[in-house]
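Inside the fold
Listed below are the residues making up each chain.
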Amino acid sequence: IDAAHKAGVIHRDLKPSNIMLTKEGIPKVTDFGLAKHLEASSSQTQAGEILGTPHYMSPEQALGKSDQIGPSCDIYSLGVILYEMLTGVLPSKGESVLETLELVRTKDPDPLRKHVPSLPRDLETICLKCLQKKPRHRYATAGELADDLEAFLAGEPVSARAISASEKSLRWIQKNLVISGLVASIILLLPMLMFALGRAEKEAEENAELREQKAFILNTPMGLPPVPIPSNNPLTEAKVSLGHQLFFDTRLSAHDNISCASCHHPQKGWADGLARSEGSGGTKLRRNSPSIVNASYFRFLFWDGRAESMELQATQPITHPDEMGMPDLDAVAGKLNKIPEYRKQFEEVFQRPASGEDIGKALAAFERTLMSGHTVFDCADGGHCHHYSPAALRGKELFMNKAQCNKCHSGPLFTDDQFHNIGVGYHLDPQGNLTGPDDKGRFEFTNDEFDLGAFKTPSLRDVDRTAPYMHDGSQATLEEVVDFYDLGGIKNPNLDQRIRPLHLTPQEKEDLVTFLKEGLTSVDYPTVRRPQLP
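Residues numbered from 1 in each chain as written. Predicted model: local features only at pLDDT ≥ 70, side-chain atom pairs only at ≥ 80, totals over all residues. Heavy atoms only, no water.

**Some words on the overall build of the protein chain**
Assigned secondary structure in the protein chain consists of 20 helices and eight strands. By residue count, 47% of the 534 residues in the protein chain fall in the buried class. Contacts in the protein chain between residues at least 24 apart in sequence constitute 62% of all its contacts with a sequence separation of at least 6. Summed over its atoms, the accessible surface of the protein chain is roughly 26,800 Å², and 56% of this surface lies on carbon and sulfur atoms. (Helix = DSSP H or I, 4+ residues; strand = E, 2+ residues; numbered from the N terminus. Buried < 20%, exposed > 50% of the residue type's maximum accessible area, 1.4 Å probe, protein only. Contact = heavy atoms within 4.5 Å. Areas by Shrake-Rupley, 256 points an atom, 1.4 Å probe, with all protein chains shown as cover.)

**Some thoughts on the environment of Phe414**
Relative to the helices and strands, Phe414 resides in the loop between helix H17 (390–400) and strand E5 (419–420). Using a relative accessible area of 3% as the deciding quantity, one classes Phe414 as buried. Here Phe414 is in contact with Phe377, Phe399, His409, Pro458, Ser459, Leu460, Arg461 and Leu520, once residues within four sequence places are set aside.

**Things to note about the nonpolar core**
If you look at the biggest cluster of nonpolar residues, it comprises 33 residues, and the most contacted ones within it are Leu246, Phe247, Leu336, Ile359 and Leu363. Mapped onto this core, the elements with two or more residues apiece are helix H10 (237–247), helix H11 (260–263), helix H12 (310–319), helix H13 (329–337), helix H14 (340–350) and helix H15 (356–367). With five residues, H15 is the largest single contributor of residues to this core. Phe399, Cys405, Val424 and Leu516 belong to the second-largest nonpolar core, a separate cluster that totals 29 residues. (Core = buried A, V, L, I, M, F, W, Y, C linked by side-chain atoms within 4.5 Å.)

**A few points about empty space enclosed by the protein**
Using a probe with the size of a water molecule, rolled over the atoms, empty space left in the structure can be pinpointed. Considering all chains together, one arrives at two cavities of 30 Å³ or more under this definition. By volume, the largest cavity amounts to about 50 Å³. What lines the largest cavity is simply Glu102, Arg105, Thr106, Phe419, His420, Asn421, Phe450, Asp451, Ala454, Asn494 and Asp496. Counting residues per element, the ones that place at least two in the lining of the largest cavity are helix H4 (97–106) and E5. (1 Å grid on protein atoms, 1.4 Å probe; cavity = no way out; pocket = protein on both sides within 12 Å on 5 of 7 lines; lining within 4 Å. Points joined across faces, edges and corners; volume = space filled by probe spheres on them.)

**Examining the confidence of the model for the protein chain**
Averaged over the protein chain, the pLDDT score is 86; the fraction of residues at 70 or greater is 85%. Residue range residues 40–50 is modelled with pLDDT below 50. Its contacts to residues more than four positions away, or to other chains, number 17 contacts. (pLDDT = per-residue confidence, 0-100.)

**Quick word on the packing of helix H6 (residues 121–130) against helix H7 (residues 142–153)**
Relative to each other, H6 and H7 sit at 170 degrees, their axes nearing to 10 Å. Relative to H7, the element H6 lies roughly antiparallel. Of the residues in H7, those touching H6 at Asp122, Leu123, Ile126 and Cys130 are Leu145, Asp148, Leu149 and Phe152. Within the contact of H6 with H7, the residues separate by chemical class into six nonpolar, no polar and two charged. (Axes fitted to C-alpha atoms, helices over the stretch in contact; angles between N-to-C directions. Parallel < 35°, antiparallel > 145°, perpendicular 65-115°, else oblique. Nonpolar A, V, L, I, M, F, W, Y, C, P; charged D, E, K, R; others polar.)

**Digging into H15**
Helical geometry: 3.6 residues make up each α-helical turn, so side chains three or four residues apart lie on a common side. Here H15 is 12 residues long and its end C-alpha atoms lie 17 Å apart, about the 16 Å a rise of 1.5 Å per residue gives. Counting buried positions along H15 gives 11 out of 12 residues, so the element sits mostly inside the fold. (Expected span 1.5 Å × (residues − 1).)

**Observations concerning the pattern of salt bridges**
Tallied over the entire structure, the rule returns 30 salt bridges. For Lys335, the salt bridge identified is with Asp256, shortest N-O distance 2.6 Å. Here Asp256 lies in the loop between H10 and H11 and Lys335 lies in helix H13, a separation of 79 residues in the sequence. Among the ionic pairs, Asp462 bridges to Arg465, the shortest N-O distance being 2.9 Å. Using a relative accessible area of 32% as the deciding quantity, one classes Arg465 as partly exposed. Ionic contacts of the salt-bridge type, sharing partners, join the residues Arg286, Arg287, Asp304, Arg306, Asp439 and Glu444 into one network. (Salt bridge = Lys/Arg side-chain N within 4 Å of Asp/Glu carboxyl O.)

**What to know about the packing of H10 against H15**
At a minimum axis distance of 7 Å, the contact between H10 and H15 shows a crossing angle of 95 degrees. One element, H10, and the other, H15, form an angle in the roughly perpendicular class. Contacts between H10 and H15 pair Lys239, Val240, Leu242, Gly243, His244, Leu246 and Phe247 from the former with Ile359, Lys361, Ala362, Leu363, Ala365, Phe366 and Glu367 from the latter. A per-class count over the contact of H10 with H15 returns nine nonpolar, two polar and three charged.

**Some remarks on the layout of surface pockets**
Each pocket or cavity is described by its volume, and for the second largest pocket that value is around 630 Å³. Along its surface, the second largest pocket is lined by 21 residues, and Ile19, Pro27, Leu78, Leu145 and Leu149 are the ones closest to its centre. Where the lining of the second largest pocket is concerned, the elements lending two or more residues are strand E2 (19–21), strand E3 (27–29), helix H3 (71–87) and H7. Here the lining of the second largest pocket gets seven residues from one element, more than from any other, and that element is H7. Tallied by class, residues from the lining of the second largest pocket come to 17 nonpolar, two polar and two charged.

**Notes on the side chain of Thr457**
Tracing the sequence through the fold places Thr457 in the loop between strand E8 (455–456) and helix H19 (478–486). Accessibility expressed as a relative area gives 5% for Thr457, which makes it buried. Reaching out from Thr457, the side chain makes a polar contact with the side chain of Asp416 at a distance of 2.9 Å. Apart from residues lying up to four places away in sequence, Thr457 is in contact with Cys408, His409, Thr415, Asp416, Gln418 and His420. (Polar contact = N/O pair within 3.5 Å; in protein donor to acceptor, adjacent residues only side chain to side chain.)

Following this line, the structure appears as structure tokens:
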């Protein structure tokens, strides 16, 4: 491939079936039928279909960006082949061609060691560098990739990542065990052992005290999987009670005037019923407050996915200048430690005064108890009951087929937990020119052009309780939402390829809304009272 690139030719369709072995076992690249010269600009057939094989295609090929089709596309394909050889699975494989292309465009591949834990880390790093979404982050040439693979086979450092001084020392020790064994044992092993023993003793003491606290028993509702609980934040009744109090306490804000419950109110679907929420200083925020029910199942939190744990999600609004406005978490902990009852509770739960980390853990513990399942969908599809009205049953059929809602609203939470551009925030000016997006969404966190205007797919469980809709609250009712999707969203350069006109009839729209309201509304919705605060 490096020789082809140096000759000005890119293959564009590298895959295992295009790599043949001679009788001597030497690999040869074949089938340059889709190759193009680097001076050529076309990346499409006469029918307008992007060239290549979806599973082995680079993101820029999947997007049809002809100006970016270059040698790096082949390097990506080589990475896919290497990934498949090492793990036995493809990094991007959907149930359909369209789903596969979407995964290639948007989803980072799982670490190889997730599939093969014994795989050397350097080999995993080499492969993942080939599979970077941005071409400039991949190997510059196929020759560089070959050099790194040769370096790995020779036991030398690879260029795919910098080798730290400590790792260089460790590798030297491994190659010179006779000379360095005694010195390494004294210098490295003894301090590490002492540190490990000290840490283990401390953790054992903390865990012993935690075991004395009564565990909080979660009863998972029908239709939901078990709630994932991190090992460093087990649920106890005392911790959940503390988080419950903190959730409703306005003293966590700069002006002592709003709490977490202000934007996530139990009587308003654990949202606030506003198109866009208001902060502690009266500032109108940019986005609609999503419900936090079942949030413990999500990999990404917030509309832009900037938090990947409940603990981070719980504390970020507290220190956001436009939201609760506290300067930092130390200031919050300082306020709480001045309240004797709070200080006492933190010391009982965490064996220390309040800290920013423990505030997040307590809030997250409470929020993990907010689960909602047991809907008509769960009952009827689980064989427990049959309560679909005829309209809701027709709506379910539309949801799964003609309307294609389940392409993104899938799984037990009715969300793929991914990010999509559906056109919300784009506008046409009086001259017909496209403007926007008003909010760049996921792009603000990743700085990846693929994410411009993309937002997280919300769960549809209890969606009837959480109006208005979309990240900006621009759709007041579910009927408006269905109309928006029926028109195919708002066309823009980054519009998700699955968003297209649906051509639903008025009756079909009505049936679809009926399914969303009747089929996905829980009969055991979580409701709690405001607790007595210290």
